[in-house]
Amino acid sequence: MTALSPHLRQATPVVAARGEGVHLFDQDGRRYLDFTAGIGVTSTGHCHPKVVAAAQEQVGALIHGQYTTVMHQPLRRLVDKLGEVLPTGLDSLFFTNSGSEAVEAALRLARQATGRPNVIVCHGGFHGRTVAAASMTTSGTRFRSGFSPLMSGVVVTPFPSAYRYGWDEETATGFALKELDYTLQTISSPADTAAIIVEPVLGEGGYVPANRAFMEGLRERADRHGFVLVLDEVQTGVGRTGRFWGHDHFGVRPDILVTAKGLASGFPLSGIAASEELMAKAWPGSQGGTYGANAVACAAACATLDVVRDEKLVENAEAMGKRLRQGLEAVADRTPGIGDVRGLGLMLATEFVTEDGSPDPETAARVQRAAVDEGLLLLLCGAWNQVVRMIPALVIDETAVDEGLRAWATAVEVGTSGAAGR
């Protein structure tokens, strides 16, 4: 008998039969609050009627029009719609399927445009599982070990992770920028540096937000040294953080923006955006792919962007994120084993620690499992999997937030009850 790889282990025991909004239903009809959103993918909720209708209509007309062979209207519409929300000047697009592919496309463009070999990444970042993307990933060894040699030319610099360092944000930011300057002086000279790539909020690294001073520092150094600033918005984009793009919190414009996940409400679609001038520096034949900009995925993305706009989901993410965070902080205030609550918008996390402040993945796992029993689906992240994250669909309302918080409070009580005896 054939079976899935034994390493494809599900984070929960749920066998999903259908989804609706912020809920999943198993084969027995039990309802679960889904605070995973397919790892931030189902931005408009499960099976939003407008997204479903757009996909169904497109399936009946044209499923696949390979976009370096023919053009199709869903792609044209998507380019126009993204033009309404992309940062000013990022007016040229290339589409592919996954976040990893888009990250590698951004890297390729940066190297070809600058003629430089190296890329600087921030410690704790996650950029994908393919070889180049994994080579740039430092959020955990599980994503990059066992298939060396990795891609050369990757240099790691600190991210201002204030809680991990035990510093205030200003101190952590000053340290990170000084270390970047030291890196440029000692490891990768500006003349060898094609780009720096960073997530506005570390994803797999533990949901750690950047800040304005750090991002402004990256922008200033990119301008001064002539390298490219790439913002990996795979998880933070399309309203997730309470702004349309995560970097909107910091007032800094990227040279290349990477998007995926929430862009098409669950259909595989990713892309990069850059200025026409920069994109033109890609070498002929360097951009392409069989399934990129699939017609059904593009139709779903167009509907997604319409729903995000018409239902004011960016604003809802900000408001519901504040409500959710207040509830998480209230639970943390009465739970000694919670070290930190952080994030932006509907991208929030709780970090579990032992009495001496060390990462506590065992308690985090117990809490996550206990949440399933309460009908709440959650995921782990962080270098030790000591962080429980919440990324519900952007359509969530006050009732679902409050229901989730009640389940969370119970799960934390259950999951931490045995921690003191360890």
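Residues numbered from 1 in each chain as written. Predicted model: local features only at pLDDT ≥ 70, side-chain atom pairs only at ≥ 80, totals over all residues. Heavy atoms only, no water.

In plain terms, the rule: UniProt positions are given in the numbering used here, feature names are shortened, and annotations may be inferred rather than shown by experiment.
The name that an unreviewed UniProt entry assigns to the chain is (S)-3-amino-2-methylpropionate transaminase, with the source organism given as Streptomyces regalis. Word for word, the UniProt comment on the chain under Sequence similarities (unreviewed entry) is "Belongs to the class-III pyridoxal-phosphate-dependent aminotransferase family." Checking UniProt for the chain, the heading Pathway (unreviewed entry) contains the comment "Amino-acid degradation; 4-aminobutanoate degradation."

## Quick word on the pairing of strand β5 (residues 118-122)
Regular strands place side chains that alternate from one sheet face to the opposite one. Spelled out, the test is: For every residue, the accessible area (1.4 Å probe, protein chains only) is compared with the maximum for its type, and the residue is labelled buried under 20%, exposed over 50%, or partly exposed between those bounds. The way it works is that DSSP assigns letters per residue, a run of H or I at least four long becomes a helix, a run of E at least two long becomes a strand, and they are numbered from the N terminus.
By the criterion of burial, β5 is predominantly enclosed, with five of the five residues buried. In β5, alternate side chains face the same way, and those of Asn118, Ile120 and Cys122 on one face and Val119 and Val121 on the other are all buried.

## Structural notes on the packing of aromatic side chains
Within a pair of aromatic rings, the relevant descriptors are the distance that separates the centres and the angle that separates the planes. Here is the rule: Side-chain rings of Phe, Tyr and Trp (the six-membered ring for Trp) are treated as a pair once their centres are within 6.5 Å; stacked means planes under 30 degrees apart, edge-to-face means over 60, and tilted covers the remaining angles.
On inspection of all chains with the given rule, the structure shows seven aromatic pairs. Centre to centre, the rings of phenylalanine 126 and phenylalanine 143 are 4.9 Å apart; their planes meet at 70°, and the pair counts as edge-to-face. Residue phenylalanine 126 is found in the loop between β5 and α5 (131-135), and its partner phenylalanine 143 is found in the loop between α5 and β6 (154-157); the two are separated by 17 residues along the sequence. Judged by centre distance (4.8 Å) and plane angle (20°), the rings of tyrosine 165 and tryptophan 167 are stacked. Among the residues examined, tyrosine 165 registers a relative accessible area of 23% and is labelled partly exposed. Exposure remark for tryptophan 167: the relative accessible area of 35% places this residue in the partly exposed category.

## Notes on the environment of glycine 237
By the element assignment, glycine 237 lies in the loop between β8 (228-232) and β9 (256-259). The buried category is assigned to glycine 237, whose relative accessible area is 6%. Linking glycine 237 and serine 417, residues 180 residues apart in sequence, is a C-alpha distance of 37 Å.

## Re the domain arrangement of the chain
Here is the rule: Domain boundaries shown here were taken from an automatic or database domain assignment. We call two residues in contact whenever any of their non-hydrogen atoms come within 4.5 Å of each other. The buried area of a pairing is the accessible area, by a 1.4 Å probe, that goes missing from both parts when the two are put together, added over both. The salt bridge criterion pairs a side-chain nitrogen of Lys or Arg with a carboxyl oxygen of Asp or Glu, the two atoms within 4 Å. When residues are grouped by polarity, Ala, Val, Leu, Ile, Met, Phe, Trp, Tyr, Cys and Pro land in nonpolar, Asp, Glu, Lys and Arg in charged, and all others, Gly among them, in polar.
Partitioning the chain into structural domains gives domain 1 (16-41 + 312-418) and domain 2 (50-311). Summarising the inter-unit geometry, the C-alpha centres of domain 1 and domain 2 are found 26 Å apart. In this assembly, 33 residues from domain 1 lie in contact with 32 residues from domain 2. Approximately 2,600 Å² of surface area, both sides summed, lies buried where domain 1 meets domain 2, with 59% of it carried by carbon and sulfur atoms. Looking only at domain 1, the three residues that lose the most surface to domain 2 are Val41, Leu344 and Met347, adding up to 27% of its buried area. In this assembly, domain 1 and domain 2 are joined by two salt bridges. Elements with a minimum of two residues in the side of domain 1 that touches domain 2: α1 (37-40), α11 (313-333), β11 (338-344), β12 (347-352) and β15 (387-390). Tallied by class, residues from the side of domain 1 that touches domain 2 come to 21 nonpolar, six polar and six charged.

## Topic: the sheet that holds strand β1 (residues 16-20)
Short version of the rule: A pair of strands counts as paired when DSSP detects no fewer than two bridges linking them. To obtain each axis, a line is fitted to C-alpha atoms, and for helices this fit is confined to the stretch in contact; angles are then taken between N-to-C directions over 0 to 180 degrees.
With mixed pairing, four strands are arranged side by side in an open sheet as β1-β2-β3-β13. Every other strand in the sheet has two partners, leaving β1 and β13 (376-377) as the edge strands with one partner each. Note that strand β3 (residues 31-34) and β13 share two bridges and pair parallel. Within β13, the residue paired with aspartate 34 across the bridge is leucine 377. Contacts from helix α13 (residues 398-416) reach β2 (23-26), β3 and β13 within the one sheet, and its direction differs from that of β3 by about 100°.

## Focus: α11
Where we set the bar: Each helix should span, by expectation, one fewer than its residue count multiplied by 1.5 Å. This arc corresponds to the set of directions leading from the helix axis out to the C-beta atoms.
Compared with an ideal rise of 1.5 Å per residue, which puts 21 residues at 30 Å, α11 spans 29 Å between its outermost C-alpha atoms and is within 8% of the ideal. Within α11, burial applies to Leu313, Val314, Ala317, Met320, Gly321, Leu324, Gly327, Leu328, Val331 and Ala332. When α11 is viewed along its axis, its buried side chains cluster within an angular range of 140° and face the same direction. Set apart from the buried face of α11 by more than 90 degrees, the exposed residues are Lys322, Gln326 and Asp333. Against α10 (295-310), β11, β12, β15 and α13 lie the buried residues of α11.

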